[in-house]
Amino acid sequence: MSVDTVNAEGLHAAMVDQLVADHADKGLAMRPEVETALRTVRRHLFTPDAPLEEAYRADQAVVTKRRGDEAVSSVSAPWLIAEMLGQAADVIDGGLLGRHVLEIGSGGYNAALLHELVGPAGSVTTVDIDSDVTDRATACLAAAGYDDVTVVCADADQLIGHDRSYDLIIVTVGAWDIPPAWTEQLAETGTLVVPLRTFGMTRSWALRRAGDRLTSHSQRLCGFVSMQGSGAHEMRYVDIAVGVHLRLDELGQQADPEAVGALLSQPPAQEWAGASLPPRTILADLDLWLAARITEAGQQFVVLTAQQEAIDAGLVTPAWRYGTPAALHDGSFCYRSALKWTGDLFDVGARAHGRDAGAAAERMVKQMRDWLDAGSPSPMLHVLPAGTPDGDLPAGTVLDKRRSRVVLTFNPS
Ligand SMILES: C[S@@+](CC[C@H](N)C(=O)[O-])C[C@H]1O[C@@H](n2cnc3c(N)ncnc32)[C@H](O)[C@@H]1O
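In short, a report on the structure. (Residues numbered from 1 in each chain as written. Predicted model: local features only at pLDDT ≥ 70, side-chain atom pairs only at ≥ 80, totals over all residues. Heavy atoms only, no water.)

1. Re the packing of helix α2 (residues 32-40) against helix α5 (residues 109-118)
- Look at α2 against α5: their axes get within 9 Å of each other, and the N-to-C directions meet at 125°. It follows that α2 is oblique to α5 by the angle criterion. When you trace α2 past α5, the crossing you get is right-handed. Of the residues in α5, those in contact with Glu33, Val34, Ala37, Leu38 and Thr40 of α2 are Tyr109, Leu113, Glu116 and Leu117.
- Split by residue class, the contact of α2 with α5 holds six nonpolar, one polar and two charged. (Axes fitted to C-alpha atoms, helices over the stretch in contact; angles between N-to-C directions. Helix = DSSP H or I, 4+ residues; strand = E, 2+ residues; numbered from the N terminus. Parallel < 35°, antiparallel > 145°, perpendicular 65-115°, else oblique. Left-handed = near helix turned anticlockwise from the far one by under 90°. Contact = heavy atoms within 4.5 Å. Nonpolar A, V, L, I, M, F, W, Y, C, P; charged D, E, K, R; others polar.)

Put into structure tokens, the structure is as follows:
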């Protein structure tokens, strides 16, 4: 055995151990069949140009293609793939063995894992819009011994193989909308796992089909390269101060950068919820709750992002600089602020600028308290075809995409 082979085996085992431990830290149990697949498929065979150490980093994607500064293709991060496969396996009654799967976005690695999970009685088709990617995936899959994965070069916004239906469609590229083709290609109670942006925030949703609608069973925080082709939807950013931006991702969202920038230069008001939360409390669900509550209250929801320099300069103190819920309303600008720690516990709060800043911050803090008082409920997503009459929608916060109507609801946990 060569030194590299020995190295690869050790790094591979350590990566899977790390993934299992990370799952446990998040309160998730890795399913045994997912762990077995992760221990079987050698990731370095799908990242031949990367050093072995990078191939076996649990927390990192390996970028395989860039366009300018933008990564357009990668072999996804193992932690994320492991969580998404777990989401799929949790929803599908009877598990993945023998199932027919369509993967959207090809890197080879996830297709090989899926092949292990579905076994010889199942099938895996992987589709990518980019022939460089499909050529690469085909070669890597063959080198790793997975000759019977079907690799297709096409825009997955459309039907892939008109007479096919899949038990699972797993999307490994960031989507903004759910095209009708995805629901149509699912078996009647099939599962769609998709990293979908709602209100400018991405979650991997595991959704189950019933007729023409999809209902979520789980969701996880995640990030992905963006969808290309006819389903592409570019995120818009407006600069409101040096290094401070608003993300406007939904239809009809607008903000006047100069007016919001002027608000930001006014003195802030800070309010706290008065909570004492333990360190591992996950606040991603709170962010979607705020998006829904702010929208329901008739305020404009936006996402605040900032460069570290702007935070260091004290311009803004967002909860997370890559995307913090914010509200624009009646001459005020308010956002979820950085946490306040007291020993091992923390509090959540809001910071506002502009007219009645104190009242605006108190309003957002009240929305946070409501979430805590309701038992920190998790969001559920319902996806219905565009054109579904309002009366046929479940009660919740409606987000109209181009080809679907999305409704966010919250169930007590
Ligand atoms: C993160 S990579 C996929 C990773 C892969 N599943 C793995 O095994 O790690 C995302 C891929 O989605 C592809 N993609 C983007 N838009 C697409 C579309 N409309 N249809 C099919 N593939 C698309 C990109 O070319 C890119 O290769």
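2. Brief notes about the sheet that holds strand β11 (residues 244-248)
- Pairing is antiparallel across the open sheet formed by seven strands, whose spatial order is β10-β11-β13-β14-β15-β16-β12. Sheet topology places β10 (236-241) and β12 (269-272) at the edges, where each strand pairs with a single neighbour. Between one strand axis and the next, the sheet turns through 35° on average, direction left out of account.
- Inspection of the sheet shows β10 paired to β11 by five bridges, in the antiparallel sense. Bridge assignment links Ala241 to a residue of β11, and that residue is Val244.
- Contacts from helix α11 (residues 357-373) reach β12, β14 (324-329), β15 (332-342) and β16 (345-354), with the element oriented near 145° to β16. (Pairing = 2+ DSSP bridges.)

3. Quick word on the packing of aromatic side chains
- Applying the stated criterion to the full structure yields six aromatic pairs.
- Between the aromatic rings of Phe46 and Tyr109, the centroid separation amounts to 6.1 Å while the plane-to-plane angle is 55°, which identifies the pairing as tilted. Of this pair, Phe46 sits in the loop between α2 and α3 (52-55) while Tyr109 sits in helix α5, placing them 63 residues apart in sequence. Assigned by exposure class, Phe46 and Tyr109 land together as buried.
- Consider the rings of Phe333 and Tyr335, whose centres lie 5.9 Å apart with planes at 45°: the pair is tilted. For the residue pair Phe333 and Tyr335, the accessibility class agrees, reading buried in each case.
- Taking NZ or CZ as reference, Arg43 lies 5.4 Å from the ring centre of Tyr109, over its face.
- The lysine or arginine in question, Arg293, covers the ring of Trp289, its NZ or CZ lying 4.1 Å from the ring centre. (Phe/Tyr/Trp six-rings, centres within 6.5 Å; stacked < 30°, edge-to-face > 60°. Buried < 20%, exposed > 50% of the residue type's maximum accessible area, 1.4 Å probe, protein only. Lys NZ or Arg CZ within 6 Å of the ring centre and 35° of its normal.)

4. Some words on the site of the ligand
- As a structural note, the neighbourhood of the ligand is formed by 26 residues, with Ser73, Ser76, Glu103, Asp128 and Thr172 the closest of them.
- Between a nitrogen atom of the ligand and a main-chain N or O atom of Ile129, the distance comes to 3.1 Å.
- Here the ligand loses 100% of its free accessible area of 600 Å² to cover by the protein chains.
- For the shell around the ligand, the secondary structure elements donating two or more residues are β2 (70-75), α5 and β4 (123-128).
- At four residues, the largest contribution of residues to the shell around the ligand is made by β2. (Near = heavy atom within 4 Å. Polar contact = N/O pair within 3.5 Å; in protein donor to acceptor, adjacent residues only side chain to side chain. Areas by Shrake-Rupley, 256 points an atom, 1.4 Å probe, with all protein chains shown as cover.)

5. Examining the pairing of strand β18 (residues 397-400)
- Across the two faces of β18 the burial differs, with Thr397 and Leu399 buried and Val398 and Asp400 not buried at all.
- Note: β18 against strand β19 (residues 404-411), four bridges, orientation antiparallel. Paired with Thr397 across the two strands is Leu408, which belongs to β19.

Function cannot be inferred from these measures alone, as they are strictly geometric.
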